[in-house]
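Now for the letters of each chain:
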Amino acid sequence: RRTLSVLFSLSRSCVVQLASMASAVLPLELIDKCIGSRIWIVMRGDKELVGTLRGFDDYVNMVLDDVTEYEITPEGKRVTKLDQILLNGNNVALLVPGGSPNYD
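Cut-offs used in this document
Residues numbered from 1 in each chain as written. Predicted model: local features only at pLDDT ≥ 70, side-chain atom pairs only at ≥ 80, totals over all residues. Heavy atoms only, no water. Buried < 20%, exposed > 50% of the residue type's maximum accessible area, 1.4 Å probe, protein only. Helix = DSSP H or I, 4+ residues; strand = E, 2+ residues; numbered from the N terminus. Pairing = 2+ DSSP bridges. Axes fitted to C-alpha atoms, helices over the stretch in contact; angles between N-to-C directions. Polar contact = N/O pair within 3.5 Å; in protein donor to acceptor, adjacent residues only side chain to side chain. Contact = heavy atoms within 4.5 Å. Salt bridge = Lys/Arg side-chain N within 4 Å of Asp/Glu carboxyl O. pLDDT = per-residue confidence, 0-100.

Re unusual backbone geometry
Here is step 1 of the chain: Look at Val 60: it is not a glycine, yet its phi comes out positive at around 60 degrees.
Here is step 2 of the chain: Assessed through its relative accessible area of 2%, Val 60 is described here as buried.
Here is step 3 of the chain: The backbone of Asp 66 shows a phi angle near 50 degrees, a positive value even though the residue is not glycine.
Here is step 4 of the chain: Inspection of the secondary structure assignment puts Asp 66 in strand S3 (residues 62–73).
Here is step 5 of the chain: On the basis of relative accessibility, which here comes to 48%, the residue Asp 66 falls in the partly exposed class.

Observations regarding the sheet that holds S3
Here is step 1 of the chain: Taken in spatial order, the five strands of this open sheet run S4-S3-S2-S1-S5, and their pairing is antiparallel. Every interior strand has two partners, whereas the edge strands, strand S4 (76–87) and strand S5 (92–97), have only one. Within this sheet the neighbouring strands show an average axis-to-axis angle of 25 degrees, counted without direction.
Here is step 2 of the chain: Pairing of strand S1 (residues 38–43) with strand S2 (residues 47–56) involves five bridges; the strand directions are antiparallel.

Examining the side chain of Thr 68
Here is step 1 of the chain: Tracing the sequence through the fold places Thr 68 in strand S3.
Here is step 2 of the chain: By relative accessible area, Thr 68 is classed as buried at 8%.
Here is step 3 of the chain: Of note is the side chain of Thr 68, whose polar atom sits 3.2 Å from the side chain of Lys 81.
Here is step 4 of the chain: Beyond its immediate stretch of four places on either side in the chain, Thr 68 contacts Glu 48, Leu 49, Val 50, Val 79, Thr 80 and Lys 81.

Observations concerning the pattern of salt bridges
Here is step 1 of the chain: Inspection of the entire model under this criterion finds three salt bridges.
Here is step 2 of the chain: Across the pair Arg 54 and Asp 65 runs a salt bridge, and its minimum N-O distance is 2.7 Å. With a gap of 11 residues between them, Arg 54 in strand S2 and Asp 65 in strand S3 connect regions that are remote in the sequence.
Here is step 3 of the chain: When the shortest N-O distance is used, the salt bridge between Glu 71 and Arg 78 registers 3.4 Å.
Here is step 4 of the chain: The buried category is assigned to Glu 71, whose relative accessible area is 19%.

Here's the deal with the confidence of the model for the protein
Here is step 1 of the chain: When pLDDT is averaged along the protein, the result is 82, and 76% of the positions lie at 70 or above.
Here is step 2 of the chain: Here helix H1 (residues 12–18) stands out as the least confident element of the protein, with mean pLDDT 53; S2 is the most confident, with 96.
Here is step 3 of the chain: The low-confidence segment residues 1–10 (pLDDT under 50) makes 24 contacts with residues lying over four places distant or belonging to another chain.

This is how it looks when you write it as structure tokens:
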């Protein structure tokens, strides 16, 4: 069974939606509450993405809009802007709803 580490540093909209939920929250339920919100995704390897979550499935494959991809290379940080992507959930290491990397 594959493992997914999920960090919940929630945006205000996600916190408000989750305030009324029971204390036991499943990860997919939490991700579902953040559809339409910005999300920071840290991938295995050297990539991070920030975009608006449009949808996902049970394997945490995700559709993101208005995406900024950050890739760390030996030459430095490379930033790529994308309109929309379909992200394979197998490579996701960390999800941060409402977050973004703090690159200067």
